[in-house]
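Here are the chains, one letter per residue:
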Amino acid sequence: MKILTAPDELQQTCLEWRARGLSVALVPTMGYYHDGHVSLMRHAREAAQKVVVSLFVNPTQFGPGEDLATYPRDPERDAAIAESNGVDLLFMPSPEDMYSPAHATWVEVPELSRTMCGLSRPTHFRGVCTVVLKLFMLAQPAIAFFGQKDWQQAAILKRMAADLNVPTAIRTCPIVREKDGLALSSRNVYLTQEERAQAPHLYQSLRLAAELAASGETDARRLMTAIREHWKTYLPKAQEDYLTIVEPDSLAPVETLSGPALCALAVRLGKARLIDNMLLKTA
Ligand code: PAF
């Protein structure tokens, strides 16, 4: 596995691969790998002849007071995991490599970014779109892989790619969960033992809503009330950031379920901000 830190070397390598007729799949990541990342790498391995993984804790997607400085990092272990999953090139730039002091260009999808996670993280998706478009320009991938845990992120990136005629197909892969249902996240390390024991109730509450929807409940407000009641009982220390039921592509709020709808949530549990989601299917 090749490891590069210089953006122009990544671009050069990928251009050479393309010139030789080799397709490239990209997996953008911020590192501290878990099985969710490994699943993305494996999907990428099956989809293209060359797999590029970027490992970059992107400062522009963190707001003031967020966990940029403490975000978990273990680049050596990450490199070993990438290599053992068939990655051809690991791109590990520094912030200075990615952003020159003169950097002044931002990519934004305002309509989809103002809601859900964007309510408490107003500049987050601008940072995500900007860095992902930069990575697309560097690696020129035919296909790129993202996790469905970050559903809003994927919806925004799909909109960005369509609007800007980006020649990269965006694929999402299912959420990978612990045995007890907690969605894997690099930030789960922030949980204390007690919080970790309670955290799977986020998944349980989504399942409860999915079961209610499957058995005929179509009122989004009643579904969310059931979720909040569950939290009151089993996650007393969780602080709701948001809970919503939306149309899966447009992210527009749904009042009455008449087709597939996405139930999405973010809560703060101690030092961790946890997100999760589930598609609800009507009876
Ligand atoms: O999902 C993430 O890990 C990040 O938001 C991404 C897509 C790698 C951009 O920094």
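The paragraphs below set out a description of the structure included in this document. (Residues numbered from 1 in each chain as written. Predicted model: local features only at pLDDT ≥ 70, side-chain atom pairs only at ≥ 80, totals over all residues. Heavy atoms only, no water.)

### Brief notes about the packing of helix H10 (residues 200–214) against helix H11 (residues 220–234)
Our working definition: The angle between two axes is taken between their N-to-C directions and runs from 0 to 180 degrees, where each axis is a line fitted to C-alpha atoms and a helix contributes only its stretch in contact. In this text, helices come from DSSP runs of H or I with a minimum length of four residues, and strands from runs of E with a minimum of two, each type numbered from the N-terminal end. Here is the rule for angles: anything less than 35 degrees is roughly parallel, anything more than 145 is roughly antiparallel, 65 through 115 is roughly perpendicular, and the remaining ranges are oblique. Crossings are assigned a handedness: left-handed for a near helix turned anticlockwise from the far helix by less than a right angle, right-handed for a clockwise turn. The criterion used for residue contact is that any of the two residues' heavy atoms lie within 4.5 Å.
Interhelical geometry of H10 versus H11 gives an angle of 150° and a closest axis separation of 9 Å. By the criterion of interaxial angle, the relationship of H10 to H11 is roughly antiparallel. In this structure, H10 meets H11 at a crossing whose hand is right-handed. Of the residues in H11, those touching H10 at His-201, Leu-202, Gln-204, Ser-205, Leu-208, Ala-209, Leu-212 and Ala-213 are Leu-223, Ala-226, Ile-227, His-230, Trp-231 and Tyr-234.

### A short note on the environment of Gly-86
With respect to the helices and strands, Gly-86 occurs in the loop between helix H3 (75–84) and strand S4 (89–91). Dropping the residues within four chain positions of it, Gly-86 is found in contact with Arg-45 and Val-51.

### Details of the site of the ligand
So the rule is basically this: Here a residue is considered near a molecule or strand provided that any single heavy atom belonging to it is located within 4 Å of it. Counted as a polar contact is a pair of N or O atoms within 3.5 Å, where, for protein atoms, one must be capable of donating a hydrogen and the other of accepting one, and residues adjacent in sequence contribute only when both atoms are in side chains. Calculation of accessible area relied on Shrake-Rupley with a 1.4 Å probe; when residues are assessed, cover is drawn exclusively from the protein chains displayed. As a working rule, the residues Ala, Val, Leu, Ile, Met, Phe, Trp, Tyr, Cys and Pro are called nonpolar, Asp, Glu, Lys and Arg charged, and the rest polar, with Gly in that last group.
Pro-28, Thr-29, Met-30, Asn-58, Gln-61, Val-128, Val-131, Phe-146, Asp-150 and Gln-153 make up every residue found near the ligand. Here an oxygen atom of the ligand and a side-chain polar atom of Gln-61 are 2.6 Å apart. For the ligand, an oxygen atom lies 2.7 Å from a polar atom in the side chain of Gln-153. The fraction of the free accessible surface of the ligand (290 Å²) that becomes covered by protein chains is 88%. Mapped onto the shell around the ligand, the elements with two or more residues apiece are strand S2 (24–29) and helix H7 (124–139). Broken down by class, the residue content of the shell around the ligand amounts to five nonpolar, four polar and one charged.

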